[in-house]
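A structural walkthrough
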Amino acid sequence: MTAVLLTGATSGLGRWLAPRLGAAGLTVLLHGRDPDKVARGVAEVRAAGGAAEGLVADLASLAEVDRLAAAVAGRDDLTILVNNAGVGFGPPGGAREESADGHELRWAVNFLAPVRLTTALLPTLAANAPAKVVNVGSIGQAPIDFDDVELRRSYDGITAYRRSKLALAAWSLDLAGELEGRPAGGEVSVNCLHPATFMDTQMVRDHGAAPRSTVQEGGEATLRLILHERGTGGFFDGDRPARAHPDAYDPGVRRRLRAMFGSAATGKAQTHEQSDCR
């Protein structure tokens, strides 16, 4: 039986996906921050006839990201990584928040954490190939000001969120190309998708926005990308191949992101202590 590590599996899209991944025959390595919710998620997967194991970590801490990676890195059944955990816009006019490491919270959880986790687990995924990385992004993306990446000067939660999602898309496409160019790397696919617009999740409700899509709509599109072969280096809007923000394809943007975070394909990730790249 093959295993999938699903981050952010205790609410919203992740909670919808977990039992269905288990029912599809995968062992679900179910991640969340809250031990009680993780236990509930494991029970839900098992009630649906699947196998699951719970993993607790706060992805706003790079040390806990490393601990999560270490907990699964030795597995010979891990073939799928779904980077789903995320932080939304926050309440309208909300104050800037920081992670345990002093990074802007949305940048930390939506971008730094998946980069760090993927980097640590690529050797395992490559050893168990064919394997895949699915990054849950957003069609809502905003350009990155490399002089103030983490919005220390003028903060806005929507901009912070959209900036992190542009970075995730650009990094996903860059990594896919790098892996495809290596003899064994092409056996690990990397894709990024926007599941659906304003799904009916707590993340959307916290911002006071009216939901436009159901979790099931986004869940079904994500599930198909996880379970079926869709190539590598793609950006999807639901089921449809789409285009990310133009900056995601800009070699200069990708080069600056790579300089900040190193290369996941070679295992040279940096600690991101000076994220403003000045």
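The model shown is predicted, which means the values in this text are computed figures rather than measured ones. (Residues numbered from 1 in each chain as written. Predicted model: local features only at pLDDT ≥ 70, side-chain atom pairs only at ≥ 80, totals over all residues. Heavy atoms only, no water.)

1. Points about the overall build of the protein chain
Each helix and strand counted, the protein chain has eight helices and 10 strands in total. Per-residue burial for the protein chain yields a buried fraction of 55% across its 278 residues. Considering only contacts in the protein chain between residues 6 or more positions apart, those separated by 24 or more positions represent 70%. Carbon and sulfur atoms make up 49% of the accessible area of the protein chain, which totals about 11,600 Å². (Helix = DSSP H or I, 4+ residues; strand = E, 2+ residues; numbered from the N terminus. Buried < 20%, exposed > 50% of the residue type's maximum accessible area, 1.4 Å probe, protein only. Contact = heavy atoms within 4.5 Å. Areas by Shrake-Rupley, 256 points an atom, 1.4 Å probe, with all protein chains shown as cover.)

2. Examining the packing of aromatic side chains
Within this structure, the stated rule accounts for two aromatic pairs. When the centroid spacing of 5.0 Å and the interplanar angle of 85° are considered together, the rings of F89 and Y161 count as edge-to-face. Of this pair, F89 sits in the loop between β4 (78-83) and α4 (105-127) while Y161 sits in helix α5 (residues 157-180), and the two are 72 residues apart along the sequence. Taking the relative accessible area as the measure of exposure, F89 reaches 12% and is therefore buried. With centroids separated by 5.0 Å and ring planes inclined at 55°, the aromatic side chains of W107 and F111 adopt a geometry described as tilted. A residue pair is termed a helical-turn pair when its members lie 3 or 4 positions apart in one helix, as W107 and F111 do in helix α4 at four residues. As far as burial versus exposure is concerned, W107 and F111 are alike and both buried. Taking NZ or CZ as reference, R20 lies 3.9 Å from the ring centre of W16, over its face. The ring of Y249 has R243 lying over it, and the distance from NZ or CZ to the ring centre is 3.7 Å. (Phe/Tyr/Trp six-rings, centres within 6.5 Å; stacked < 30°, edge-to-face > 60°. Lys NZ or Arg CZ within 6 Å of the ring centre and 35° of its normal.)

3. Side note on the side chain of K165
Relative to the elements of secondary structure, K165 occurs in helix α5. Within the buried set, K165 has no salt-bridge partner at all; the shortest N-O distance to an opposite charge, 11 Å, is to E104. In this structure, K165 is in contact with N110, V136, G137, S138, G140 and Q141, ignoring residues within four places of it in sequence. (Lys, Arg positive; Asp, Glu negative; His and termini not counted. Salt bridge = Lys/Arg side-chain N within 4 Å of Asp/Glu carboxyl O.)

4. Some words on the layout of surface pockets
Approximately 180 Å³ is the volume found for the second largest pocket. In this structure, the second largest pocket is lined by 13 residues; those nearest its centre are P130, A131, K132, S189 and E229. Listing elements by their share of the lining of the second largest pocket, those giving two or more residues are β4, β5 (131-136) and α7 (215-227). Classifying every residue of the lining of the second largest pocket by side-chain character gives five nonpolar, four polar and four charged. (1 Å grid on protein atoms, 1.4 Å probe; cavity = no way out; pocket = protein on both sides within 12 Å on 5 of 7 lines; lining within 4 Å. Points joined across faces, edges and corners; volume = space filled by probe spheres on them. Nonpolar A, V, L, I, M, F, W, Y, C, P; charged D, E, K, R; others polar.)

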